[in-house]
Amino acid sequence: MLYFSVPLGKLVRRVSRLRGGGSALPGLVVEKIDPGFMRRTLSTLPHGVAVVSGTNGKTTTTKMVVELLESQGLKVFTNRTGSNFTRGVAAALLGEVDWRGRLDADVAVLELDEAHAVHFVNSVPPRYCLLLNVLRDQLDRFGEIDKTAQLLQHIAAKTTGTVVLNREDPRVARIAESLTGQDVKYFGLDDSLVSTFPNDDDMRTAPGSPAPAGLPEKPAADVVLRKVGADTAEFEYDGATVTTGMKLRGVYNIFNAAAALTLARSICGSGAATANHDALLEALSRVAPAFGRGESLTVDGQPLDLVLVKNPSGFRLGLKSFPAGGYATMIAINDNYADGRDMSWLWDVEFESLREGGVDQLTGSRAYDMALRLQYDDVPIGNVEPDITPALAAFIREAQGKPKRIFCTYTAMLAIRRELSKITTVEVVS
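Residues numbered from 1 in each chain as written. Predicted model: local features only at pLDDT ≥ 70, side-chain atom pairs only at ≥ 80, totals over all residues. Heavy atoms only, no water.

The name that an unreviewed UniProt entry assigns to the protein is Lipid II isoglutaminyl synthase (glutamine-hydrolyzing) subunit MurT, with the source organism given as Pseudarthrobacter oxydans. According to its UniProt record, the protein has this under Pathway (unreviewed entry): "Cell wall biogenesis; peptidoglycan biosynthesis." (UniProt positions renumbered as here; feature names shortened; annotations may be inferred.)

The following block contains the structure:
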């Protein structure tokens with residue numbers, strides 16, 4: 001089966017690309033005709049497989065882990081297209097293996113959607129996993145967040161080596177209680193930063209409410225984020241505090257950097273004799289945002305930041321990552337399958353920080369829902385145009401001479417990125 005499935009899968013991949021088809025189609029084909037393809041291919045890697053999952057931050061965190069490991073001289077396979085379903089991993093493998101199905105890599109670092117990760121780990125038990133957070137996201141698909149926590153718990157249970165957990169997220173941290181035999185490590189925050197990164201329970205608690213009584217003491221973390229500056233971050237690990245420059249924007253990305261450092265140190269070895277820590281920090285300082293996730297562009301000589309938002313926590317942290325005024329602002333909200341159909345989460349975001357400058361343009365299939373939400377927070381609104389193409393053109397034209405920011409759901413981000421690619425004055429900064 002091996003000598004038949006790989007050539008066929010590569011052929012489908014080539015034809016699909018020529019026809020402009022989806023990146024996951026070849027993976028779907030090879031899954032059907034050769035269900036053991038991924039297990040057989042990935043089982044040969046010296047450092048095994050690392051799975052990154054959770055509600056927010058998977059794509060950028062995976063990118064960070066890959067670049068950190070490459071700084072240590074490791075050859076890393078990853079699903080770079082961002083297709084985080086199992087068929088996306090299979091399709092990415094088909095692009096990397098030779099005609100005999102051999103993969104030239106030391107380790108695989110894979111971003112996986114919470115639900116599809118369960119199917120993947122049943123077939124390919126990972127040696128490492130990194131579980132970022134559990135937040136309300138696409139409730140129409142996942143159901144309540146306790147169900148999402150159960151999915152992540154299953155990933156951890158199937159992991160054969162090290163499980164890296166977010167100690168600041170109670171649902172993620174509690175996964176450790178159910179594990180037997182795995183090495184558990186944590187990434188965490190300094191106490192001064194905890195309120196900046198509210199977990200789902202925090203966001204539903206009235207401001208100023210006391211912490212629930214009887215909370216367990218936090219476990220020690222392998223890497224702690226101590227401070228976040230405009231373009232720097234301070235981390236503590238191995239009993240020392242280090243400061244590094246950061247190309248990534250957004251406070252949420254900096255916390256995910258602590259997660260990435262913890263996983264990379266687990267794979268390379270955290271001791272001074274195993275990991276080159278100077279190289280790790282240098283690599284971290286150079287990591288650019290993943291496609292559309294805090295990506296910085298230049299349009300007509302002015303900066304434009306694309307900020308992906310898909311749940312209350314992500315939107316809140318996105319708003320915190322920019323000064324209140326001085327920007328032209330556009331919000332693009334779609335409700336396609338990849339965005340989640342249920343947009344009620346918009347009512348759990350606080351938009352008061354937008355009152356000063358207002359929102360210049362609203363677009364997307366749920367533009368009028370967004371307009372109603374902003375009115376309740378007394379945020380001034382400029383134009384409302386559900387069609388993204390003319391809305392984006394008007395936004396760029398009318399905001400000339402000002403830095404711009406666009407908060408957008410996933411499919412809206414893709415549409416905006418396509419339109420921006422047609423503009424000759426657009427330059428990717430990071």
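Engineer: Looking at this structure, I do not really get helix H4 (residues 58-70). What am I missing?
Structural biologist: Counting along an α-helix, one turn takes 3.6 residues, and residues three or four places apart therefore face a common direction. Compared with an ideal rise of 1.5 Å per residue, which puts 13 residues at 18 Å, H4 spans 18 Å between its outermost C-alpha atoms and is within 8% of the ideal. The buried fraction of H4 amounts to 10 of the 13 residues, a majority that puts the element mostly inside the structure. Taken together, the buried positions of H4 are occupied by Lys58, Thr59, Thr60, Thr61, Thr62, Met64, Val65, Val66, Leu68 and Leu69. (Helix = DSSP H or I, 4+ residues; strand = E, 2+ residues; numbered from the N terminus. Expected span 1.5 Å × (residues − 1). Buried < 20%, exposed > 50% of the residue type's maximum accessible area, 1.4 Å probe, protein only.)

Engineer: I'm lost on helix H15 (residues 388-398) in this one. Help?
Structural biologist: Residues of H15 that are buried include every one of Ile388, Ala391, Leu392, Ala394, Phe395 and Ile396, and no others. Looking at the buried residues of H15, the elements they touch are strand E10 (295-299), strand E12 (328-332), strand E13 (359-363), strand E14 (381-385), strand E15 (404-408) and helix H16 (410-421). Sitting at the amino-terminal end of H15 is aspartate 387, which places a side-chain oxygen 3.2 Å from the backbone nitrogen of threonine 389. (Contact = heavy atoms within 4.5 Å. Polar contact = N/O pair within 3.5 Å; in protein donor to acceptor, adjacent residues only side chain to side chain.)

Engineer: Would you mind going over the nonpolar core with me for this structure?
Structural biologist: A general feature of soluble globular proteins is that nonpolar side chains tend to end up buried together. Counting 68 residues, the largest nonpolar core has Leu69, Phe235, Phe315 and Ile331 as the members making the most contacts within it. Here this core gets 13 residues from one element, more than from any other, and that element is helix H11 (residues 251-268). Leave out the neighbours within four places in its chain, and isoleucine 331 touches Phe315, Leu354, Val359, Gln361, Leu362, Thr363, Met370, Leu374 and Phe407. Among the nonpolar cores identified, the runner-up in size contains 36 residues, and Met38, Ala105, Leu110 and Leu131 belong to it. (Core = buried A, V, L, I, M, F, W, Y, C linked by side-chain atoms within 4.5 Å.)

Engineer: Whenever I open this one, the sheet that holds strand E2 (residues 76-78) confuses me. Can you help?
Structural biologist: The pairing of strands in a sheet happens through backbone hydrogen bonds and is either parallel or antiparallel. In space, the nine strands of this open sheet follow the order E2-E3-E1-E4-E5-E6-E7-E8-E9, with mixed pairing throughout. In this open sheet, the two edge strands, each paired with only one partner strand, are E2 and strand E9 (240-245). Neighbour to neighbour, the strand axes of the sheet diverge by 20 degrees on average, direction disregarded. Pairing analysis gives four bridges linking strand E4 (residues 128-131) to strand E5 (residues 162-166), with the strands arranged parallel. Following the sheet pairing, leucine 131 is matched in E5 by leucine 165. (Pairing = 2+ DSSP bridges. Axes fitted to C-alpha atoms, helices over the stretch in contact; angles between N-to-C directions.)

Engineer: How should unusual backbone geometry be read in this particular structure?
Structural biologist: Across residues other than glycine, the phi torsion is negative in most instances, and most of the peptide bonds are trans. A positive phi is found at aspartate 238, a non-glycine position, where the angle reads about 55 degrees. Tracing the backbone through its elements, the reader meets aspartate 238 in the loop between strand E8 (232-237) and E9. Unlike most non-glycine residues, aspartate 378 shows phi in positive territory, near 55 degrees. The topology assignment puts aspartate 378 in the loop between helix H14 (367-376) and E14.

Engineer: What is the right way to read a nonpolar patch on the surface from this model?
Structural biologist: Together, Trp347, Leu372 and Tyr376 make up a nonpolar patch on the protein surface, roughly 350 Å² of accessible area in all. Within the element layout of this structure, leucine 372 appears in helix H14. (Patch = residues over 30% accessible without salt bridge, like charges linked within 9 Å, V, L, I, M, F, W, Y side chains within 5 Å. Areas by Shrake-Rupley, 256 points an atom, 1.4 Å probe, with all protein chains shown as cover. Salt bridge = Lys/Arg side-chain N within 4 Å of Asp/Glu carboxyl O.)

Engineer: Looking at this structure, I do not really get the packing of helix H6 (residues 114-123) against helix H8 (residues 145-158). What am I missing?
Structural biologist: How two helices sit against one another is set out by the angle between their axes and by the gap between those axes. Contact geometry for H6 and H8: axes closest at 9 Å, N-to-C directions at 25 degrees. Between H6 and H8, the interaxial angle falls into the category roughly parallel. Our pair here, H6 against H8, has a crossing hand that is left-handed. Contacts between H6 and H8 involve Glu114, Ala115, Ala117, Val118, Val121 and Asn122 from the first element and Thr148, Leu151, Leu152, His154, Ile155 and Lys158 from the second. (Parallel < 35°, antiparallel > 145°, perpendicular 65-115°, else oblique. Left-handed = near helix turned anticlockwise from the far one by under 90°.)

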